[in-house]
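Here are the chains, one letter per residue:
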Amino acid sequence: MSNTIIRVENLSKKYIIGHQKEGVHRYKALRDVIADGAKSVSRKFLKPSDKKISNPAREEFWALKDISFEIKQGDRVGIIGRNGAGKSTLLKILSRITEPTTGRICIKGRVASLLEVGTGFHPELTGRENIYLNGAILGMSKAEIKNKFDEIIAFAEVEKFLDTPVKRYSSGMYVRLAFAVAAHLEPEVLIVDEVLAVGDLHFQKKCLGKMEEVGKEGRTVIFVSHNISAIEALCQRGILLQHGNLCIDSNVQTAIQRYLEEATNNTNATLLEHRRDRKGSGKAKITHFRVLDFLKSEVTYLQSGNDYYLEIKYANTTGKSLKNIIVGIAFKDEYYNRILLLKNKFTGSSITLDKISGDILCFVENLPLANGLYSVALSLEDFSNELIDQIQDASTITVDGGNFFGTGSYGEPMFCKILMKAQWVTN
Ligand SMILES: Nc1ncnc2c1ncn2[C@@H]1O[C@H](COP(=O)(O)OP(=O)(O)OP(=O)(O)O)[C@@H](O)[C@H]1O
Ligand SMILES: [Mg+2]
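What you see is a predicted model; the values in this text were computed from it and never measured.

(A) Layout of helix 3 (residues 87–94). Burial analysis of helix 3 places 8 of its 8 residues in the buried class, the great majority of the element. Within helix 3, the full set of buried residues consists of Lys87, Ser88, Thr89, Leu90, Leu91, Lys92, Ile93 and Leu94. Positive phi shows up at Arg96, right after helix 3, with a value of about 60 degrees.

This is the structure:
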C-alpha cells in the first residue's frame, strides 16, 4: 500500500457532443487546451471546454467508463488502445487538465506531463521563462531549477531561441523543450502522450533513452504510444483500453498481445459510417471500404503480387459536389509502423466527390506487401489539406500467399514487409 503513488477509483468521463459537429468540437477543444496551457499547468483553473456546447442535438458520450487501477512507485506503465479508446482523456485527468465526471484519483507526489498538444507552456512567455514557471509549479526552488537549466537546454537543443516566446517555436522545438522540461525537473510521475509522433528519429531515441533513465531512477512513468515496440522496450506493465473500458491490466507483453489480437479481430465489426473515432470537418464521410480483385469481386484476403481495386464509399453531407479532393489510404503493420501510403495527389489524379454519395476506386498493381496483417487508415482532405474525414484502423487486411517473385518465395515476412524484385549478378 505504502508505495502506491497513483490510485484511480471508478473513474468515468462524459463528453457532450453535438451531432455532425463532432470533428469541429474536438478541434475547438484542443485549441482551448493550447490557449489554456499556462492555466492548466497551474492546475488551479480547471476549465473543461466541453461544458459550453449548447447544441440542441446534444448527445452524451462516455470516453472513460468505470476505470480503476493502482500504480506503484517506479512502475513504468504503457497505456495502449485504438484511436478514441480514451488514452489521452485518462492522461488529461491524471494531469488535472480536465476533471472526471465521476470517480476519483489520488496522486502522491509531483506530476510532470507532456500531452499530445504540448500543454503546460505559456505561449507568450519565452523558453527560459517557461522553464522557471514549470519548475516553480513543480515546487522547485530557483536554485534547484538553475541547476537543471543547462541540462534542459542541452537536451532540447533550443539554446538560440531561449529568449523567444514559445508561440514562435516550430512544433518540433516546442515538443523538444516541453519534453526536456518534463523529464529533467525531477517529477515523481512523468506522463508522456505520444511524443514520439512528433520530432525526428534522433529526438525520439533521445526521449526513449531519457524515459528509461527516469524509470531506472525509480520514478514512475506513464506512457501512451501507438508505437508498440517503444512501449515494449520502455514499460514493464501494460494497460489496454477499449472503447473507454479497461480491458486488461497486466505485464506489458500480455497487454500488447491482447491489443494486437483486438486490432485484427475487431476493426471490421463496426460499419464505418457508424464509427465515431473519426476526425475531420465531416463535410463528407467515408461509409465503407473493401478490396476487390481485378474482376471486381470482393475478396476476404489479398495475395502479394496480385492486382486489386481498393474501394471507398462516401456520403457527401454538403449537397454540393466537392472538387480536388485528396484521398489517402495508409497501411500499417502490426507494430503500427506506417509502411505504405497511397494518395491520388502523388499520381496527379483528380477526384471530385458527387453531391450525395459515390465510390472511389484505387487500382493497385503487383501488390508489394509481404504476408501478414495490416491496418488500413483512410482519409479525405480538401485541396488546402483541411481534413474532411479520417478513420484510423478502418479495416484490417490479411495478405496470405501469392507469387510476387514468380519463384514461389514469399520473402521473409517476419523480417520485412515490402517486396521488390531485384537482379543479382557477380563480377
Ligand atoms: N473535448 C472533447 N469533446 C468531445 N469528445 C471528446 C473530447 N475529447 C475526446 N473526445 C472523444 O473521446 C474519445 C476518447 O478520446 P481520446 O482522445 O481520449 O482517445 P485516444 O485513445 O487518446 O485516441 P488517439 O489514439 O486517437 O489519440 C474519442 O471518441 C474522442 O472523440
Ligand atoms: Mg490520444
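Structure shown, so let's carry the discussion forward.
(B) Main features of the environment of Phe289. Inspection of the secondary structure puts Phe289 in strand 11 (residues 284–293). As for Phe289 and Leu378, which are separated by 89 residues in sequence, their C-alpha atoms are 8.7 Å apart. If we skip the residues at most four places from it in the chain, Phe289 touches Leu272, Leu310, Glu311, Ile312, Val376, Leu378 and Ser395.

(C) Geometry of the sheet that holds strand 11. If you trace the 3 strands from one edge of the open sheet to the other, you get 11-13-16, paired in antiparallel fashion. Unpaired on one side and paired on the other, strand 11 and strand 16 (357–364) mark the two borders of the sheet. Between one strand axis and the next, the sheet turns by 20 degrees as a mean value, whatever way the strands run.

(D) Structural view of the nonpolar core. Counting residues in each nonpolar core, the largest one holds 48 residues, and the members touching the most others are Ile80, Ile131, Leu177, Phe179, Met211 and Phe223. For this core, the elements supplying multiple residues, two or more each, are strand 5 (111–114), helix 5 (142–156), helix 6 (171–184), strand 6 (189–193), helix 7 (201–216), strand 7 (220–224), helix 8 (228–234) and helix 9 (252–266). Ignoring sequence-local partners within four residues, the contact set of Leu177 consists of Phe121, Gly127, Ile131, Ile152, Ala156, Val158, Val166 and Tyr169.

(E) Molecular detail of the site of ligand 1. If you check the shell around ligand 1, you find 15 residues, and the closest are Gly84, Lys87, Ser88, Thr89 and His226. In the environment of ligand 1, an oxygen atom lies 2.8 Å from a nitrogen or oxygen atom belonging to the backbone of Gly84. Backbone polar atom of Ala85 to an oxygen atom of ligand 1: 3.2 Å apart, as the coordinates give it. Contact with the protein chains covers 91% of the free accessible surface of ligand 1, which is 640 Å². For the shell around ligand 1, the secondary-structure elements that each account for two or more residues are strand 1 (4–18), helix 1 (22–35), strand 2 (58–72) and helix 3. If you tally residues by element for the shell around ligand 1, the top one is helix 3, at 3 residues. Broken down by class, the residue content of the shell around ligand 1 amounts to 6 nonpolar, 6 polar and 3 charged.

Definitions and limits used
Residues numbered from 1 in each chain as written. Chains lettered and ligands numbered in written order. Predicted model: local features only at pLDDT ≥ 70, side-chain atom pairs only at ≥ 80, totals over all residues. Heavy atoms only, no water. Buried < 20%, exposed > 50% of the residue type's maximum accessible area, 1.4 Å probe, protein only. Helix = DSSP H or I, 4+ residues; strand = E, 2+ residues; numbered from the N terminus. Contact = heavy atoms within 4.5 Å. Pairing = 2+ DSSP bridges. Axes fitted to C-alpha atoms, helices over the stretch in contact; angles between N-to-C directions. Core = buried A, V, L, I, M, F, W, Y, C linked by side-chain atoms within 4.5 Å. Near = heavy atom within 4 Å. Polar contact = N/O pair within 3.5 Å; in protein donor to acceptor, adjacent residues only side chain to side chain. Areas by Shrake-Rupley, 256 points an atom, 1.4 Å probe, with all protein chains shown as cover. Nonpolar A, V, L, I, M, F, W, Y, C, P; charged D, E, K, R; others polar.

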